[in-house]
Amino acid sequence: MWVARRVLSSVAHSRQYAGQPSLFRRPRPGSPSEMELRFLQCTCCWRSRIPVIGIENLNATISTPCEEDNTEEHAAPLDACYTSEQRDAILTLLNNASVTELAGIKLLRGRKSANIVDYRSKHGPFKTLESVVNVPLLKHKSAVVVFESILNPVKKEKKVRIQLAKFIRPEVDRSWLEDANSIVSLVCGTNRIAWAHVGRGMTVMEWQHLDCPNFMKGTYMASSYLNDVSAAVSLLPSADFYIIEKPSISVQNTALFPIMAHMRAVEAMLFALLEPRNLPQDTNIPPRVLNMMRTAVGRHFGLMVGESRTSGAQTVRRLMTQSVTQKMPRINFPPEMLVKYRDWFQMSSRRSEGEALCDALLQAVAFYELLSESSALNHH
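Counting restarts for each chain: residues are numbered from 1 in the order of the written sequence. It should be noted that, the model being predicted, local features are given only for residues of pLDDT at least 70 and side-chain atom pairs only at 80 or more, the latter also being counted only at that level, while totals for whole chains, interfaces and linings use all residues. Hydrogens and water are ignored here; the side-chain numbers use all heavy atoms of the structure.

(A) Broad picture of the overall build of the protein. Elements are defined by DSSP. Helices are runs of H or I of four residues or more, strands are runs of E of two residues or more, and each kind is numbered from the N terminus. What the protein contains, in helices and strands, is 15 helices and 10 strands. Between buried and exposed lies partly exposed: a residue is buried under 20% and exposed over 50% of the maximum accessible area for its type, with that area taken using a 1.4 Å probe on protein chains only. For the protein, buried positions account for 40% of its 380 residues. Carbon and sulfur atoms provide 54% of the accessible area of the protein, an area that totals close to 22700 Å². Note on areas: these come from Shrake-Rupley sampling with a 1.4 Å probe, and a residue is covered only by the protein chains present in the view.

(B) Looking closely at the side chain of Ser-142. Within the element layout of this structure, Ser-142 appears in helix α7 (residues 140-151). Residue Ser-142 is classed as buried on the basis of its relative accessible area of 18%.

(C) Structural view of the layout of surface pockets. Taken as a whole, the largest pocket encloses approximately 610 Å³ of empty space. Here a cavity is any set of points on a 1 Å grid over the protein atoms alone where a 1.4 Å probe fits but cannot get out, and a pocket is any open set with protein on both sides within 12 Å along at least 5 of 7 lines; a residue lines the site when it has an atom within 4 Å of a point. The wall of the largest pocket is formed by 25 residues, among which Cys-188, Glu-245, Met-263, Arg-294 and Asp-359 lie closest to the centre. At the level of elements, β4 (182-188), α11 (257-274), β10 (308-309) and α15 (351-379) are the ones that each hand at least two residues to the lining of the largest pocket. Counting residues per element, the lining of the largest pocket draws most heavily on α15, at 4 residues. Grid points are joined across faces, edges and corners, and a volume is the space filled by probe spheres set on the points.

(D) Structural detail: helix α4 (residues 84-96). For α4, built from 13 residues, the straight-helix expectation of 18 Å at 1.5 Å per residue is met to within 8% by its first-to-last C-alpha distance of 18 Å. All of the buried residues in α4 are Ile-90, Leu-91, Leu-94 and Asn-95. An end-on view of α4 places all buried positions within 120° of arc, on one side of the element. In α4, the exposed positions that point more than 90 degrees away from the buried face belong to Glu-85 and Asn-96. If you follow the buried residues of α4, they end up packed against α5 (99-103), α6 (111-123) and α7. Expected span of a helix: the number of residues minus one, times 1.5 Å. Arc, as used here, means the arc of the directions from the helix axis to the C-beta atoms. Any two residues whose heavy atoms approach within 4.5 Å at even a single point are treated as in contact.

(E) Molecular detail of the environment of Val-145. Structurally, the position occupied by Val-145 is in helix α7. By relative accessible area, which is 30% here, Val-145 ends up partly exposed. It is 9.9 Å that separates the C-alpha atoms of Val-145 and Leu-108, two residues lying 37 residues apart in sequence. Beyond its immediate sequence surroundings of up to four residues, Val-145 is in contact with Lys-106 and Leu-107.

(F) Region of the structure containing the environment of Arg-192. Among the structural elements, Arg-192 can be located in strand β5 (residues 192-199). Overall, the relative accessible area of 7% leaves Arg-192 in the buried class. When the C-alpha atoms of Arg-192 and Asp-211 are compared, they prove to be 4.3 Å apart, with 19 residues separating the residues in sequence.

(G) The arrangement of the side chain of Gln-363 in detail. Counting through the fold element by element, Gln-363 comes out in helix α15. Ignoring anything within four residues of it in the chain, the contact list for Gln-363 reads Ser-185, Leu-186, Val-187, Ile-243, Ile-244, Glu-245, Met-292 and Val-297.

(H) Just the nonpolar core, in detail. Ranked by internal contacts, the top residues of the largest apolar core, which has 46 residues, are Trp-207, Met-292, Phe-333 and Phe-345. Per-element accounting of this core gives the leading share, 13 residues, to α15. Beyond its immediate stretch of four places on either side in the chain, Met-292 contacts Phe-167, Ile-168, Ile-243, Ile-244, Glu-245, Lys-246, Val-297, Gln-363, Ala-366, Phe-367 and Leu-370. In terms of nonpolar packing, the next biggest core, distinct from the first, is built from 23 residues, Phe-215, Ile-249, Leu-270 and Val-289 among them. The nonpolar core is taken to be a set of buried Ala, Val, Leu, Ile, Met, Phe, Trp, Tyr and Cys residues, with the residues joined through side-chain atoms within 4.5 Å.

(I) View of the pattern of salt bridges. Salt bridges are identified by distance alone: a Lys or Arg side-chain nitrogen within 4 Å of an Asp or Glu carboxyl oxygen. In the structure shown here, the tally under the stated rule is 9 salt bridges. One salt bridge connects Arg-309 with Glu-245, and the closest N-O pair in it is separated by 4.0 Å. Taken together, the residues Arg-309 in strand β10 and Glu-245 in strand β7 (residues 241-246) connect sequence positions 64 residues apart. Residue Arg-309 shares its accessibility class with Glu-245, and that shared class is buried. Three or more residues joined by partner-sharing salt bridges are found here, namely Glu-245, Arg-294, Arg-309 and Asp-359.

(J) View of the pairing of strand β6 (residues 204-211). Note that β5 and β6 share 7 bridges and pair antiparallel. Bridging from a neighbouring strand, Ala-196 pairs with Trp-207 of β6. Any two strands are treated as partners once DSSP identifies two or more bridges connecting them. Linking β5 back to β6 in an antiparallel pair, the connection comprises 4 residues, with Met-202 at a positive phi of about 60°.

(K) Spatial organisation of the packing of aromatic side chains. Here the aromatic set is Phe, Tyr and Trp, taking the six-membered ring for Trp, and pairing holds for ring centres within 6.5 Å; pairs whose planes are under 30 degrees apart are stacked, those over 60 apart are edge-to-face, and all others are tilted. For the coordinates displayed, the defined rule picks out 9 aromatic pairs. When the centroid spacing of 5.9 Å and the interplanar angle of 85° are considered together, the rings of Tyr-82 and Phe-147 count as edge-to-face. Of the two residues, Tyr-82 sits in the loop between α3 (76-79) and α4 while Phe-147 sits in helix α7, which places them 65 residues apart along the sequence. We note that Tyr-82, like Phe-147, is buried.

(L) Region of the structure containing the sheet that holds strand β8 (residues 289-293). Ordered in space as β3-β8-β7-β4-β5-β6, the 6 strands form an open sheet in which the pairing is mixed. Among the strands making up the open sheet, the edge pair consists of β3 (168-169) and β6. In this structure, β4 lies alongside β5, joined through 7 bridges in antiparallel fashion. Following the sheet pairing, Val-184 is matched in β5 by His-197. Helix-sheet contacts for α11 involve β4, β5, β7 and β8, and the interaxial angle to β7 is about 170°. Axis lines are fitted to C-alpha atoms, over the contacting stretch for helices. Their N-to-C directions set the angle, which ranges from 0 to 180 degrees.

This is the structure we're talking about:
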């Protein structure tokens, strides 16, 4: 059996080898024995011997004290890869960032960011980059990725198109919408179509509705529907975009299926009649007709109760009052329009006629205001 510990004990206490180089004792530099071949001996017979090559490395490994682990020389592998400015930047962030701030760095989500804070609270701030590897769950390769992420953070650009898609379909570039001078907001009811023509300066230029006697009658005759929808389209003013309300009727609610079928039929005809035909296949030409989610408008004005939307008549009355009493109202109404509709949005028998007008106006206001909010988020 070949045991180094036994050899050390025997050699260390044997007079026979006293003062001579042993397996675990390096000879003095320059001494003749430094060049001699040394051996491991069998502990049973002490006769069999195995020559040992490069025994200095073994001596150095066993005799090196552990306190050298924390020296600056031992930290060189990681620290030497970065300049002093880069090391200072990395250590400053790791020593001062909170758990939430650390979680924003690549590979530091979850438990690793908490481990960094726990480690520096127990052991003090990190003094070298190599010391970061002592943090649980953070090994050498992970530490390198973390350091590079700190030095070269990736700026996450907010995709405004995704924000717009929450209330506008199909998806379009925000720049196309911002260049629009005016829009026509359309809302389809069960017996009428209402619209509001609103300019970029938040001024109502037209606010109308048209009764459609063939809606929800009989067997939904396509020709009858087309006559009513075409009559409404012929009265619409010219605008850059036509925004059609997208109702939020659940398919699972079978009792509302006739209304949903009606809404979809009118919506499809409006798209077909308002969208220009025979356009060149150019992706830079934006669609002229867009859908706006009814629930998005309801949430914007605080009209949602659960998943249902309440009447917007009170909100419209407030907007009309602000147009007269405030210098900078949310939307401006011409005086003659205020006189015409001042009694339309009361709790009276004419409420059903006013609801479609309310929805068309609120949709136009929400469109411009939500577009402005998305633009502000994009610039920030």
